[in-house]
Amino acid sequence: MTRYETVVEGDTIYVGTDDGALEVGSVEDVLQVVGGPSWTIRYSEEEKERHPGMDTSDEGLTVDVVDMMQAMTHSERFVETLAAQPAEPTGGDEVSPRLGLFVGKLLENLEGGLS
């Protein structure tokens, strides 16, 4: 199965496609949405109780958000969905639907680790 990489050049995030790089948005916007340039892994007491066998040895580890973005790869289906989203904010939103979808996946990876 083909996986497509994330590339950060300057302040712009791109995702690879079969047709070249797809612009996703700015690093600055992503950092604003996720709360800054670093992310500390935490598990709530509820999560620990609900999943007693879960490995929480990485709790307290702080990761660089840009490094995490650059480590992300994407399925063909995700890239097609990303490309279909508007690249500009709509309806008074601060970020575009494309960037919002990307940030959603980033937050999933920050909270649960890279798959």
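Structure's up top.
The paragraphs below set out a description of the structure included in this document. (Residues numbered from 1 in each chain as written. Predicted model: local features only at pLDDT ≥ 70, side-chain atom pairs only at ≥ 80, totals over all residues. Heavy atoms only, no water.)

A look at the nonpolar core
Defined as follows: Take the buried Ala, Val, Leu, Ile, Met, Phe, Trp, Tyr and Cys residues and link them wherever side-chain atoms come within 4.5 Å; each set so joined is a nonpolar core. Any residue under 20% of the maximum accessible area for its type is buried, any over 50% is exposed, and the rest in between are partly exposed; the area is computed with a 1.4 Å probe on protein chains only. Helix numbering and strand numbering both begin at the N terminus, where a helix is a DSSP run of H or I of at least 4 residues and a strand a DSSP run of E of at least 2. Residue contacts are defined here by distance: any two heavy atoms, one from each residue, within 4.5 Å place the two residues in contact.
Counting residues in hydrophobic clusters, the biggest one holds 25 residues, and the most contacted among them are Ile 13, Val 30, Met 69, Phe 102 and Leu 106. Elements supplying a minimum of two residues to this core: strand E1 (3-9), strand E2 (12-17), strand E3 (20-26), helix H1 (27-34), helix H3 (65-71), helix H4 (76-84) and helix H5 (97-112). With 5 residues, the single largest contributor to this core is H5. Residues within four places of Phe 102 in sequence aside, it is in contact with Thr 6, Ile 13, Val 15, Val 24, Met 69, Met 72, His 74, Phe 78 and Leu 82.

Notes on the packing of aromatic side chains
Basically, it comes down to this: Here is the rule: rings of Phe, Tyr and Trp (six-membered ring for Trp) pair when centre to centre is within 6.5 Å. Planes less than 30 degrees apart are stacked, more than 60 are edge-to-face, and the remainder are tilted. Each ring is checked for a lysine NZ or an arginine CZ that lies within 6 Å of its centre and within 35 degrees of its normal; such an atom marks a charge sitting over the ring.
All told, the structure shown has 0 aromatic pairs when counted by the stated rule. Its guanidinium or amino end placed over the ring of Phe 78, Lys 105 lies 4.7 Å from that ring's centre, counting from NZ or CZ.

Things to note about the sheet that holds strand E6 (residues 73-75)
What counts here: Pairing between strands requires that DSSP locate at least two bridges from one strand to the other. Axis definition: a line fit to C-alpha positions, over the contact stretch in the case of helices; interaxial angles, taken between N-to-C directions, run 0 to 180 degrees.
Across the sheet, which stays open at both edges, the 4 strands sit in the order E3-E2-E1-E6 with antiparallel pairing between neighbours. Either end of the sheet is taken by a strand with one partner, and the two such strands are E3 and E6. If you compare each strand with its neighbour and ignore which way they point, the axes differ by 30° on average. Bridge count between E1 and E2: 4 bridges; the pairing is antiparallel. Paired with Val 8 across the two strands is Ile 13, which belongs to E2. Each of E1, E2, E3 and E6 is contacted by H4, which is oriented at about 90° to E6, the strand it contacts most.

Section: the packing of H4 against H5
What counts here: Here a crossing is called left-handed whenever its near helix is offset anticlockwise from the far helix by less than a right angle, and right-handed whenever the offset is clockwise.
In contact at an axis separation of 8 Å, H4 and H5 are set at 145° when each is read in the N-to-C sense. As H4 runs across H5, the sense of the crossing is right-handed. Judged by residue contacts, Phe 78, Thr 81, Leu 82 and Ala 83 of H4 engage Arg 98, Leu 101, Phe 102 and Lys 105 from H5.

Description of H5
Residue pairs three or four apart in sequence face the same way in an α-helix, which turns once every 3.6 residues. Put simply, the rule reads: One less than the number of residues in a helix, times 1.5 Å, gives the span that helix is expected to have. Arc definition: directions from the helix axis to the C-beta atoms.
Taking 1.5 Å as the rise per residue, H5 with 16 residues should run 22 Å; its terminal C-alpha atoms sit 22 Å apart, in good agreement. Arg 98, Leu 99, Phe 102, Val 103, Lys 105, Leu 106, Asn 109 and Leu 110 are the residues of H5 that are buried. Seen end-on, H5 carries its buried residues on one side only, within an arc spanning 160°. Away from the buried face of H5 by more than 90 degrees, exposed residues Glu 108, Glu 111 and Gly 112 are located.

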